[in-house]
Amino acid sequence: MTASQTRIDARVGAAAGGAVRRIRTGWHRHPGVRSDDQLTLGERSADHMRNGMGSWAFVFGACGFLALWMAINIIVDRAHGRTFDPYPFILLNLVLSCVAALQGAILLIAAKRSDQISSELAQHDYEADCASHELLQTLTVNFDQLKAEHTAMQIEFAKLAKLIESGLPPAQD
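Residues numbered from 1 in each chain as written. Predicted model: local features only at pLDDT ≥ 70, side-chain atom pairs only at ≥ 80, totals over all residues. Heavy atoms only, no water.

Within the structure shown, the criterion is met by four aromatic pairs. A ring pair is formed by Trp-69 and Phe-84, whose centres lie 5.5 Å apart and whose planes are at 75°; its orientation type is edge-to-face. Taken as a pair, Trp-69 in helix H3 (residues 56-80) and Phe-84 in the loop between H3 and helix H4 (90-166) lie far apart in primary sequence, 15 residues in all. Joined through ring pairs, the aromatic side chains of Phe-65, Trp-69 and Phe-84 make up one cluster. (Phe/Tyr/Trp six-rings, centres within 6.5 Å; stacked < 30°, edge-to-face > 60°. Helix = DSSP H or I, 4+ residues; strand = E, 2+ residues; numbered from the N terminus.)

All right, on to unusual backbone geometry then. Omega for the peptide link from Tyr-87 to Pro-88 comes to 20°, which places this bond in the cis form. Its place among the elements puts Pro-88 in the loop between H3 and H4. Its identity is not glycine, yet Phe-89 carries a phi of approximately 55°, on the positive side. Position of Phe-89 among the secondary structure elements: in the loop between H3 and H4.

Another aspect to go through is a nonpolar patch on the surface. Together, Leu-68, Ile-72, Phe-84, Leu-91 and Leu-94 give the surface a local cluster of nonpolar side chains, amounting to about 480 Å² of exposed area. Among the structural elements, Leu-94 can be located in helix H4. You can call Leu-94 exposed: its relative accessible area is 51%. (Patch = residues over 30% accessible without salt bridge, like charges linked within 9 Å, V, L, I, M, F, W, Y side chains within 5 Å. Areas by Shrake-Rupley, 256 points an atom, 1.4 Å probe, with all protein chains shown as cover. Salt bridge = Lys/Arg side-chain N within 4 Å of Asp/Glu carboxyl O. Buried < 20%, exposed > 50% of the residue type's maximum accessible area, 1.4 Å probe, protein only.)

This part covers H4. Compared with an ideal rise of 1.5 Å per residue, which puts 77 residues at 114 Å, H4 spans 111 Å between its outermost C-alpha atoms and is within 8% of the ideal. Within H4, the full set of buried residues consists of Leu-92, Ala-110, Arg-113, His-124, Ala-128, Ala-131, Thr-138 and Asn-142. Taken from the residues just after H4, Gly-167 is the one with a positive phi, measuring 75°. (Expected span 1.5 Å × (residues − 1).)

So, on to the packing of helix H2 (residues 41-53) against H4. For the pair H2 and H4, interaxial distance at closest approach is 9 Å and the crossing angle is 115°. Here H2 lies roughly perpendicular to H4, going by the angle between them. Between H2 and H4 lies a crossing of left-handed hand. Between H2 and H4, the residues in contact are Glu-43, Ala-46, Asp-47, Met-49, Arg-50 and Met-53 and Gln-103, Ile-106, Ile-109, Ala-110, Arg-113, Ser-114, Gln-116 and Ile-117, respectively. (Axes fitted to C-alpha atoms, helices over the stretch in contact; angles between N-to-C directions. Parallel < 35°, antiparallel > 145°, perpendicular 65-115°, else oblique. Left-handed = near helix turned anticlockwise from the far one by under 90°. Contact = heavy atoms within 4.5 Å.)

Compared with an ideal rise of 1.5 Å per residue, which puts 25 residues at 36 Å, H3 spans 36 Å between its outermost C-alpha atoms and is within 8% of the ideal. Gly-81 occupies a position one or two residues after H3 and carries a positive phi of about 80°.

Right under this line is the structure:
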């Protein structure tokens, strides 16, 4: 191995190591790696709301709650002639209106959290792309140097082959 090859290997190793270090240090900010302890209370709440309200369990639970509310009120009204929320369920309508008003805000908070996660993922991808681009540039420069050294060696080899074929001793430069 030549001295120039050793220098090239060292530069490639340093460039690759720099890219890997840059990715690893940026990786700690990546939302997919952060644990619950690293999330703020608002981020955890938004994640729980998004996961809860955006599920079939929530839909079936809400339908079950509505059916249970109406069934209890109808049964109690027929048995005792009076209930806390008789048909047309005015109190239930008020509760549903309040839930709908809050649900819009909750969904916006959850969407904002999703945007934050997407932004952090995009930042991580950008940093990884920059590191890859830097490494590719270093490799391109190193390849050009190797190509130049290879051409120079081919020229030297051709001279030596010609000298061997002619049987003359090599000239001193």
